[in-house]
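# Residue-level structural notes
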Amino acid sequence: PNFGASLHILKVEIGGDGQSTDGTEPSHMHYENDENYFRGYEWWLMKEAKKRNPEIKLIGLPWTFPAWIGKGENWPYDYPDVTVYYIVSWILGAKQYHDLDIDYVGIWNERSFNSKYIKLLRYTLDKHGLQQVRIVASDRLWEPISFALLLDPELHRVVDVIGAHYPGTETVPNAILTQKKLWSSEDFSTFNDEIGAGCWARILNQNYVNGNMTSTIAWNLVASYYEELPFGRCGLMTAQEPWSGHYRVEAPIWITAHTTQFTQPGWSYLQVDGHLEGGGSFVALTDGLGNLTIIIETMSHNHSQCIRPLLPHFNVSPQRATFHLKGSFYMLKTLEVWYSRLGFESAQSTFFQQLHPVKVWRGSFSLDLNVDEVYTLTTLKTGKKCICPDPPPSQPFPSNYKDDFNIRNPPFSEAPNFADQTGVFEYFINTSDPGDHVFTLRQVVVQRPITWISDADQTISIIGNFNWYNFTVTCDIYIEQPRDGGVFIAGRVDNGGIYVRSTKGIFFWVFADGTYRVTGDLAGEEILMKGLSGVRANTWHTLTLNIQGTSAWGLLNGYSLWENVTVTKPSSGWAAIGTRSFEFAQFDNFHVE
């Protein structure tokens, strides 16, 4: 609080082992008989957030679900008791293992809701003493959830918040008729330059002014994923070089502070029109104890376009705005002033600068507003712009990178810098192997999850620098599935995230039936070379893939297996490892140079 973004709310994915835009997040229950509340990074993230702000609200929402939930169907609602058990286990685990109180839970991100499931979820939460956990539905559009609440009194009783995604600052009559809290439960998703900051400033105000929404949640918190994946740098700030520690506090952080440093959950919006005559908007909030905060934005159309939806044209011009304070606010003599200006072509930007207080005379004050500005006027004196040491300088991914996965008590379940795009790759201790491969990386998703988007039919984890052109990838591999099992190492991998099914690259596969293939795609349809390798399941082999210019060649256990394969595109990309299908397999001594 009172430092930087000073966020009020943190929404996390309830990992389900499936692709959710820029990668997969591991489930707390990969299989029916499996429970582990230490996978992935979300537990750590929630605890770090609570250390800094014990009052921050926490929300969980699933994008995907492990296969066993659907018993073979790509659908989470056929066995609602199973899905409820799974979600409530996550909430109970958060408390039991991390002392985290989850405040809100969602249904299924941007997919169908099911009334029977929502009612059973409420009943089961209550049965476990989780009355304080509120339900948000349905993280999609305003309809059909609003209509469903009006038609079904029991559903109306159990849903606390209607959450819509990318509402374009507008709501619908049915949503207002429900008299529920209305939230923009996912918004922003815009490249975090100054236009992204303009988008964020505009919707933070206008989601309430035009749409009665009292919460706006940005996807995403921090852009900590390879920038060439979908929606690169669409976070409030950027930290996409864990190998160097470099990060960037982007403009949207300071736009956030204009609202979050001077309001808190529990404050109320005052019922004012909120539209400025010359264009732009303002909101006013109070804690009910005499404090007042007014946030003004004058973002122009071309400097505040979000990624979606399309923004109809409007005009904003310089203007003098006069505000009249009534009731208990009439007695105020001064208001603190914080100011930002998005400079764009004309001048330097100014972010979150404290100006001289504005004098209030007989309940009135006037401000001269220019275009693309944000003002906060407030009775609070707690605002602060943090002064932090410079982060380490930016550096590309190391051009010579090794990981032997030899770590006895890893702080996380997954190896650093690997970005799983289908499947989940976890640290594994191989108790049956007394030799060189006790500590390995293992692919652990063995059935296709209930997907949110089109996961690949193969599993894949990417690593490295998207601009790599000539390189060598070496990795020890262990196929666990006899007969039809298989693994690959790859280079110049050009895609991931929601586009993972169409990933191209140079893929070197070996299979448990003793064959090998070289393909130009993850799907394995573009075959460049094939033959016999003698590889079998349940024994370790070393694969090496060399790519130089338009030529590629491969080694098995240090001996040449194939050579002189001509490769033209993609021209560059990441390194990768993966499996033929959803199957157990292990990897060790990964090296890329």
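Residues numbered from 1 in each chain as written. Predicted model: local features only at pLDDT ≥ 70, side-chain atom pairs only at ≥ 80, totals over all residues. Heavy atoms only, no water.

## Let's talk about the overall build of the chain
From N to C terminus, the chain includes eight helices and 33 strands. Computed over C-alpha atoms, the radius of gyration of the chain comes to 26 Å, within 12% of the 25 Å expected from 2.2 N^0.38 for 593 residues, which places it in the range of a compact globule. Each principal axis of the C-alpha distribution contributes one length, and for the chain these read about 90 × 55 × 40 Å. For the chain, buried positions account for 60% of its 593 residues. (Helix = DSSP H or I, 4+ residues; strand = E, 2+ residues; numbered from the N terminus. Rg over C-alpha atoms; globule rule 2.2 N^0.38 Å. Buried < 20%, exposed > 50% of the residue type's maximum accessible area, 1.4 Å probe, protein only.)

## Points about the UniProt feature "domain: Glycosyl hydrolase family 59 C-terminal lectin" (unreviewed entry) in the chain
Taking the numbering used here, the UniProt-annotated feature "domain: Glycosyl hydrolase family 59 C-terminal lectin" (unreviewed entry) corresponds to residues 420-593. As annotated, residues 420-593 has a helix share of 0% and a strand share of 53%, and its two end C-alpha atoms lie 20 Å apart. (UniProt positions renumbered as here; feature names shortened; annotations may be inferred.)

## Some details on the sheet that holds strand β23 (residues 459-463)
On the basis of which strands lie adjacent, the open sheet formed by seven strands has the order β20-β23-β32-β25-β26-β27-β28 and antiparallel pairing. Each edge of the sheet is formed by a strand with only one pairing partner; in this case those strands are β20 (419-422) and β28 (527-532). With direction set aside, neighbouring strand axes in the sheet form an average angle of 20°. Across five bridges, the pairing between strand β26 (residues 504-511) and strand β27 (residues 515-521) is antiparallel. In the strand pairing of β27, Val510 is matched with Tyr516. (Pairing = 2+ DSSP bridges. Axes fitted to C-alpha atoms, helices over the stretch in contact; angles between N-to-C directions.)

## A short note on the domain arrangement of the chain
Split by domain assignment, the chain resolves into domain 1 (9-241) and domain 2 (401-592). Measuring from the centre of the C-alpha atoms in domain 1 to the corresponding centre in domain 2 gives 32 Å. Each partner contributes residues to the interface: domain 1 has 38 residues there, and domain 2 has 32 residues. Roughly 2,600 Å² is buried in total at the junction of domain 1 and domain 2, and carbon and sulfur atoms are behind 59% of that figure. On the domain 1 side of the contact with domain 2, Gln19, Tyr226 and Glu228 bury the most area, a combined 25% of that side's loss. Our count for the domain 1 to domain 2 interface comes out at one salt bridge. For the salt bridge of Arg39 with Glu426, the shortest nitrogen-to-oxygen distance reads 3.4 Å. (Domains from an automatic or database assignment. Contact = heavy atoms within 4.5 Å. Buried area = accessible area lost by both parts, 1.4 Å probe. Salt bridge = Lys/Arg side-chain N within 4 Å of Asp/Glu carboxyl O.)

## Some remarks on helix α1 (residues 42-52)
Restricting attention to buried positions, one finds in α1 the residues Glu42, Trp43, Leu45, Met46, Glu48 and Ala49. Buried residues belonging to α1 abut β1 (9-14), β2 (57-62) and α2 (80-98).

## Some points on the environment of Thr214
The topology assignment puts Thr214 in strand β7 (residues 213-219). Here the alpha-carbon distance between Thr214 and Leu182, two residues 32 residues apart in the chain, equals 6.3 Å. Ignoring any residue separated from it by four or fewer positions in sequence, one finds Thr214 in contact with Leu182, Trp183, Tyr208 and Tyr269.

## Details of the packing of helix α7 (residues 194-209) against helix α8 (residues 251-260)
For the pair α7 and α8, the least separation of the axes is 8 Å and the interaxial angle reads 20°. Classified by the interaxial angle, the pair formed by α7 and α8 is roughly parallel. Note that α7 runs across α8; the crossing there is right-handed. Touching Gly196, Ala197, Trp200, Ala201 and Leu204 of α7 are Ala251, Pro252, Ile255, Thr256 and Thr259, all from α8. (Parallel < 35°, antiparallel > 145°, perpendicular 65-115°, else oblique. Left-handed = near helix turned anticlockwise from the far one by under 90°.)

## Description of the nonpolar core
Across soluble globular proteins, nonpolar side chains show a tendency to be buried alongside one another. Residues Ile460, Ile462, Val510, Ile577 and Phe590 are the most contacted members of the largest nonpolar core, which totals 61 residues. The biggest single contributor to this core is β26, with six residues. Two domains each put at least three residues into this core: domain 1 (9-241) and domain 2 (401-592). Contacts of Ile577, omitting those with residues within four sequence positions, involve Phe418, Phe425, Leu441, Thr459, Ile460, Ser461, Cys475, Phe488, Ile489, Phe587 and Phe590. (Core = buried A, V, L, I, M, F, W, Y, C linked by side-chain atoms within 4.5 Å.)

## Digging into the pairing of strand β6 (residues 181-188)
Most of β6 is tucked away: seven of the eight residues are buried. Summarising the sheet, strand β5 (residues 161-165) and β6 pair through five bridges and their orientation is parallel. Counted as the bridge partner of Gly163 is Trp183 from β6. With respect to chirality, the unit in which β6 leads through α7 into the neighbouring parallel β7 is right-handed. (Right-handed = clockwise from strand over helix to strand, strands pointing away.)

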